[in-house]
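# Structural overview
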Amino acid sequence: MKKSLYVLILCTVALALTGMVLAGCGSTTTTSAAGGETTTTAGAGGGDIIIGAVYGTTGKYAGGEAGIGNGAKMAIEEVNAAGGVNGQKLVFMAEDSGSEQAGAVNAYNRLAAKNPLVIIDTALSSFALAQMADIAKAEIPTYPMGENPAVTQQGNPWVLRFSTPDNVTPLAAVQFALDDLKKTKVAILRVNNEFGQT
């Protein structure tokens, strides 16, 4: 996950910085609290670049979503250790969804108000789908980690995907078992709910 997030963060930062330079954005400095730490951030004029994330740090999905924050932090540390992006440091800001759908929507809006360059979003597709109107309104590139195909079928230009959707992964696994492993019988185990049916 670290390598994928590293590439994602670098590509997004490069594209967004290009857009900011072309748009001639000014510099404004604000102070925000993130996870108990105070972080000073600035606009495109030369301050820090905020990379945001919405995921459960508490509640029943916290363990499953921990990789989102851990991977992003590791990638950001690596970028900053190499000098940042054009001398600007990346700053990680996370908002806790509380492992609840309403919490994910509220966390997204709290984070969007801090004006991050990009938001790495929850691994729960139903949470991301509930955020769609807010993502469109915020106009911040958002990368939901959820794999339900519906996440990117909403026509929201601010929603981007770099994880494989659930309608591709099972087919690829079966094709691999048949073609590469030369197996003739394949068994599939799934959860009997919406998640298991996508």
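Below or above, wherever it landed, is the structure these notes cover. Quick caveat, the model's predicted, so the values are computed rather than measured.

Core analysis: the largest hydrophobic core is formed by 16 residues, its most contacted members being Ile49, Ile51, Leu90, Phe92 and Ile120. Counting residues in each nonpolar core, the second largest holds 15 residues, with Val54, Tyr108, Ile119 and Met132 among its members.

Here the focus is helix H2 (residues 62–81). For H2, spanning 20 residues, the distance from its first C-alpha to its last is 28 Å, which sits close to the expected 28 Å at 1.5 Å a residue. Of the residues one or two after H2, Gly83 is the one with positive phi, at around 105 degrees.

Tallied over the entire structure, the rule returns two salt bridges. Arg110 is the salt-bridge partner of Glu95, the closest N and O atoms lying 2.9 Å from each other. With a gap of 15 residues between them, Glu95 in strand E4 (residues 90–96) and Arg110 in helix H3 (residues 101–112) connect regions that are remote in the sequence. With a closest N to O distance of 2.6 Å, Lys114 and Glu95 form a salt bridge. Of this pair, Lys114 sits in the loop between H3 and strand E5 (118–121) while Glu95 is found in strand E4, placing the two residues 19 residues apart along the sequence. One network of salt bridges, with partners in common, ties together Glu95, Arg110 and Lys114.

This part covers the sheet that holds E4. Think of a sheet as strands paired side by side through backbone hydrogen bonds, with each pair either parallel or antiparallel. Strand order across the open sheet formed by four strands is E4-E3-E5-E6, with parallel pairing between neighbours. Either end of the sheet is taken by a strand with one partner, and the two such strands are E4 and strand E6 (142–144). Taking each pair of neighbouring strands and ignoring which way they run, the sheet shows an average axis angle of 20 degrees. Judged from the three bridges that link them, strand E3 (residues 49–55) and E5 form a sheet pairing that is parallel. Counted as the bridge partner of Gly52 is Ile119 from E5. Along the sheet face, H2 touches E3, E4 and E5 and points at about 165 degrees away from the line of E4. Its contacts with the sheet place H3 against E3, E4, E5 and E6, and it is angled at close to 150 degrees to E4.

Taken as a whole and judged by the stated rule, the model has one aromatic pair. On the numbers, 6.1 Å between centres and 75 degrees between planes, the contact of Tyr61 with Phe127 is edge-to-face. A residue pair is termed long-range when its members are at least 10 positions apart, and Tyr61 in the loop between E3 and H2 and Phe127 in helix H4 (residues 125–130) qualify at 66 residues. The exposure class of Tyr61 is partly exposed, given its relative accessible area of 30%. The exposure class assigned to Phe127 is buried, which follows from its relative accessible area of 6%.

Moving on to unusual backbone geometry. The phi torsion at Asn86 lies on the positive side, around 50 degrees, for a residue other than glycine. With respect to the helices and strands, Asn86 occurs in the loop between H2 and E4. For Ser99, which is not glycine, the phi torsion reads 60 degrees and is therefore positive. By the element assignment, Ser99 lies in the loop between E4 and H3. With relative accessibility at 2%, the residue Ser99 sits in the buried group.

Rules of the game
Residues numbered from 1 in each chain as written. Predicted model: local features only at pLDDT ≥ 70, side-chain atom pairs only at ≥ 80, totals over all residues. Heavy atoms only, no water. Core = buried A, V, L, I, M, F, W, Y, C linked by side-chain atoms within 4.5 Å. Buried < 20%, exposed > 50% of the residue type's maximum accessible area, 1.4 Å probe, protein only. Helix = DSSP H or I, 4+ residues; strand = E, 2+ residues; numbered from the N terminus. Expected span 1.5 Å × (residues − 1). Salt bridge = Lys/Arg side-chain N within 4 Å of Asp/Glu carboxyl O. Pairing = 2+ DSSP bridges. Axes fitted to C-alpha atoms, helices over the stretch in contact; angles between N-to-C directions. Contact = heavy atoms within 4.5 Å. Phe/Tyr/Trp six-rings, centres within 6.5 Å; stacked < 30°, edge-to-face > 60°.

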